[in-house]
Amino acid sequence: MDAATLPDLDQLDFQALKSLILAQREQLASRDVEIEHLKLLIAKLRRQQFGRSSEKREHQIEQLELRLEELEARRTKETAAVKEPAPSSTAAARPVRRALPDHLPREVRKFLPKQEACPDCGGKLKHLGEDVSEILEYVPASLKAIQYIRPKLACACCDRIVQAAAPSRPIERSIAGPGLLAHVLTSKYCDHLPLYRQSQIYARAGVELDRSTLAEWVGASSRLLAPLVEALRRHVMAAGKLHADDTPVPVLAPGLGKTKTGRLWTYVRDDRPAGDGTPAAVWFAYSPDRKGEHPRSHLSNFTGTLQADGYAGFDQIYEAGRIQEAACWAHVRRKFYDLEVAHKSPVAAEALERIAALYAIEKEIRGRPPDERREVRSTRSRPLLESLKQWFEETLGKLSRKSDTAMAVRYALGRWEALLRFCDDGRIEIDNNAAERALRVVALGRKNFLFAGSDGGGESAAAIYSLLGTAKLNGIDPESYLRNVLSRITDHPINRIEELLPWNVAASLQLPKQEAA
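Residues numbered from 1 in each chain as written. Predicted model: local features only at pLDDT ≥ 70, side-chain atom pairs only at ≥ 80, totals over all residues. Heavy atoms only, no water.

Draft legend 1. Representation of the overall build of the protein within the structure. Assigned secondary structure in the protein consists of 17 helices and 7 strands. When each of the 517 residues of the protein is scored for burial, the buried share is 39%. For the protein, the share of sequence-separated contacts (at least 6 apart) that also reach a separation of at least 24 residues comes to 64%. Within the structure as shown, the protein displays about 31,500 Å² of accessible surface, and the carbon and sulfur contribution to it stands at 52%. (Helix = DSSP H or I, 4+ residues; strand = E, 2+ residues; numbered from the N terminus. Buried < 20%, exposed > 50% of the residue type's maximum accessible area, 1.4 Å probe, protein only. Contact = heavy atoms within 4.5 Å. Areas by Shrake-Rupley, 256 points an atom, 1.4 Å probe, with all protein chains shown as cover.)

Draft legend 2. Representation of helix H8 (residues 329–343) within the structure. Taking 1.5 Å as the rise per residue, H8 with 15 residues should run 21 Å; its terminal C-alpha atoms sit 21 Å apart, in good agreement. Within the sequence span of H8, burial applies to Trp329, Ala330, His331, Val332, Phe336, Tyr337 and Leu339. Directly beyond the C-terminal end of H8, a positive phi value near 50° is found at Lys344. (Expected span 1.5 Å × (residues − 1).)

Draft legend 3. Inspection of the environment of Lys291 at higher detail. Mapped onto the fold, Lys291 is located in the loop between strand E5 (281–287) and helix H6 (293–298). Overall, the relative accessible area of 48% leaves Lys291 in the partly exposed class. Ignoring any residue separated from it by four or fewer positions in sequence, one finds Lys291 in contact with Trp265 and Tyr311.

Draft legend 4. View of the packing of helix H5 (residues 211–237) against helix H16 (residues 478–488). In the contact formed by H5 and H16, the axes pass within 11 Å of each other and the chain directions differ by 100°. Considered as vectors, H5 and H16 are oriented roughly perpendicular to each other. For the pair formed by H5 and H16, the contact residues are Leu224, Leu225 and Leu228 on the first element and Tyr481, Leu482, Val485 and Leu486 on the second. Residues that form the contact of H5 with H16 fall into these classes: 7 nonpolar, no polar and no charged. (Axes fitted to C-alpha atoms, helices over the stretch in contact; angles between N-to-C directions. Parallel < 35°, antiparallel > 145°, perpendicular 65-115°, else oblique. Nonpolar A, V, L, I, M, F, W, Y, C, P; charged D, E, K, R; others polar.)

Draft legend 5. Spotlight on the nonpolar core. Membership of the largest hydrophobic core comes to 75 residues, with the highest contact counts inside it found for Leu225, Leu228, Leu299, Leu306, Phe314 and Tyr481. Counting residues per element, this core draws most heavily on H5, which supplies 12 residues. If we ignore the near neighbours within four places in the chain, the residues touching Leu299 are Met237, Leu242, Tyr267, Leu306, Ile317, Arg322 and Ile323. With 29 residues, the next largest nonpolar core counts Ala327, Val332, Trp391 and Ile428 among its residues. (Core = buried A, V, L, I, M, F, W, Y, C linked by side-chain atoms within 4.5 Å.)

Draft legend 6. Fine view of the state of the cysteines. A full pass over the atoms with the stated rule returns 0 disulfides. With no disulfide of its own, Cys155 lies closest to Cys158 among cysteine sulfurs, the gap being 3.6 Å. (Disulfide = S-S within 2.5 Å.)

Draft legend 7. The pattern of salt bridges, seen in detail. Evaluation of the coordinates by the stated rule reveals 23 salt bridges. The closest approach of N and O atoms between Arg421 and Glu417, which form a salt bridge, is 3.3 Å. One network of salt bridges, with partners in common, ties together Glu230, Arg233, Arg234 and Glu498. (Salt bridge = Lys/Arg side-chain N within 4 Å of Asp/Glu carboxyl O.)

Draft legend 8. Representation of the side chain of Asp270 within the structure. Secondary-structure assignment places Asp270 in the loop between strand E4 (259–269) and E5. Side-chain polar atoms of Asp270 contact the side chain of Arg272, separated by 2.9 Å. Those residues in contact with Asp270 that sit more than four places away from it in its chain are Lys241, Ala280 and Leu473. (Polar contact = N/O pair within 3.5 Å; in protein donor to acceptor, adjacent residues only side chain to side chain.)

Draft legend 9. Highlighting helix H4 (residues 195–204). Along H4, the residues that are buried comprise Leu195, Gln198, Ser199 and Tyr202. Along the axis of H4, the buried positions cluster into a sector of 105°, meaning they face one direction only. Summarising the contacts, the buried residues of H4 are in contact with helix H3 (178–189) and H5. Backbone geometry just downstream of H4 places Gly206 in the positive-phi region, at approximately 90°. (Arc of directions from axis to C-beta.)

Draft legend 10. A look at the packing of aromatic side chains. On inspection of all chains with the given rule, the structure shows 10 aromatic pairs. Taking 5.3 Å as the distance between ring centres and 75° as the angle between the ring planes, the aromatic pair formed by Tyr189 and Tyr465 counts as edge-to-face. Of the two residues, Tyr189 is situated in helix H3 and Tyr465 in helix H15 (residues 455–473); the sequence distance between them amounts to 276 residues. By the burial criterion, Tyr189 is buried, and Tyr465 matches it. Ring plane angle 45° and centroid distance 6.3 Å describe the contact between Phe314 and Tyr318, whose orientation is recorded as tilted. For the pair Phe314 and Tyr318, one class covers both residues: buried. Members of the aromatic cluster, connected to one another through ring pairs, are Trp329, Phe336, Trp391, Phe392 and Trp416. Lying over the aromatic face of Tyr411, Lys335 brings its terminal NZ or CZ to 4.6 Å of the ring centre. (Phe/Tyr/Trp six-rings, centres within 6.5 Å; stacked < 30°, edge-to-face > 60°. Lys NZ or Arg CZ within 6 Å of the ring centre and 35° of its normal.)

Draft legend 11. The arrangement of the pairing of E4 in detail. Burial analysis of E4 places 8 of its 11 residues in the buried class, which makes it a mostly covered element. As defined by bridge partners, E4 adjoins E5 across 7 bridges and the pair is classed as antiparallel. Within the sheet, the bridge partner assigned to Tyr267 lies in E5 and is Trp283. (Pairing = 2+ DSSP bridges.)

Draft legend 12. Just unusual backbone geometry, in detail. The backbone of Arg173 shows a phi angle near 60°, a positive value even though the residue is not glycine. Its place among the elements puts Arg173 in the loop between strand E2 (161–162) and H3. Backbone geometry at His192 places phi at a positive 60°, although glycine is not the residue there.

Draft legend 13. Broad picture of the environment of Val282. With respect to the helices and strands, Val282 occurs in strand E5. For Val282, a relative accessible area of 1% gives the class buried. A sequence separation of 189 residues divides Val282 from Ala471, and the C-alpha atoms of the two residues are 9.2 Å apart. In this structure Val282 touches Leu232, Val236, Thr266, Tyr267, Val268, Ala438, Ser466, Gly469, Thr470 and Leu473, once residues within four positions along its chain are discounted.

Draft legend 14. How the structure looks around the side chain of Arg421. Mapped onto the elements of the fold, Arg421 is located in helix H13 (residues 421–424). Among the polar contacts made by the side chain of Arg421, one reaches the main-chain carbonyl oxygen of Glu325 at a distance of 2.5 Å. Only 3.3 Å separates the side chain of Arg421 from the side chain of Glu417, close enough to count as a polar contact.

Draft legend 15. Summary view of the pairing of E5. E5 sits mainly inside the fold: 7 of its 7 residues count as buried. Alternating residues of E5 divide into Ala281, Trp283, Ala285 and Ser287 and Val282, Phe284 and Tyr286, and every residue in both groups is buried.

As structure tokens, then:
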């Protein structure tokens, strides 16, 4: 009920006024229930967001988020006019206000009393203490022009002219400084802002930067950073265990005005859960299709264990014997979870409970050395797995061969040896979630980019995603990292390019770290 439909309160008797207040409270309570329901629904959709039909789910989430924003905004607006009763234990929980981070710059504003003497007796006032509170304010981002002035000096005796060499720029003959380039790249690949939107934002600040100019900067930056990305690839491929996954990327087909489907592949080196202090890293690669020749090429110099899904293109890699397969229990669990949600299947519910017991053990041993993890898995996880396999086989005989539940059971039994591999090697994880997490930024960006402009655009995206993703894995602010690297890489010796990898640059950034992914 808004001001336009509100009756004249002066004309209402006590009973009518009471009924009006109760109706408004009931309306607010109903809105709180809907808000909590929407939050629960959004959380459920987010858990499925990066699987199949992800675009449809993302659209659903986007619409629900808009509805939630509207409801919460209206609740705040309307509860300001109607005093609510004291919150009960069943009332909607509100977020706890956290203290503002220490690293933020502080601007102190003091508010002194108007009185210079005691308003009661006229006596002198003395300092008793102070109340301190804070608000969080936003200072709009700004652009600035930096002038490079190089005086020319001439010798009074021989007319020799002396002048300082022009400072190098990240992109030759470009007006873009390293900070601006870092911001453009981070906005596009981290914050999912397409270049045409960035162009509009800069125009509002009074600076005309065409989308085509920004695109040239992205391509030039990708070429400039290529040696660093290659050093990152070597670091990733030197691991003894990798996580791998891929995701589709719509790409504009040349001359057709239509899109084709390219792929972004991700390879993650992260042994921190096994107590290894080697820096975590992710390397992305682009391919115009999903043929198995691409991962075979990517992994041509890798030897060890590959944690991946059941993609058939990996089969030839495993057959050669140089690379061992470790299957993903999260994929197994997801199939039973979908069944339980859709059909309340008792078989799916029991499978989820048994798999949860395995994950509980993994939570306990996360961060411990490989030998200790292997021993715990051997004594505690393996008996659970043997029991689970026996139950799967017994259950399968009671199910219709064409049922979804039977398909989920056969999926697990068909990969059983690879699913057990984590018990034999303490370096291996129970699932491939490290690779799936790395691909989330691609799934989110895909919603805004619509498609890459070309195969070259896909390759540029892979290069930048590699650096930004690795920075985040190491708890480093991606934009600060890129700004630092772009200001140094032009003059940096190519044979020492590893010095610019994120973990080697972190100490010089002196900025608050992000939480590692």
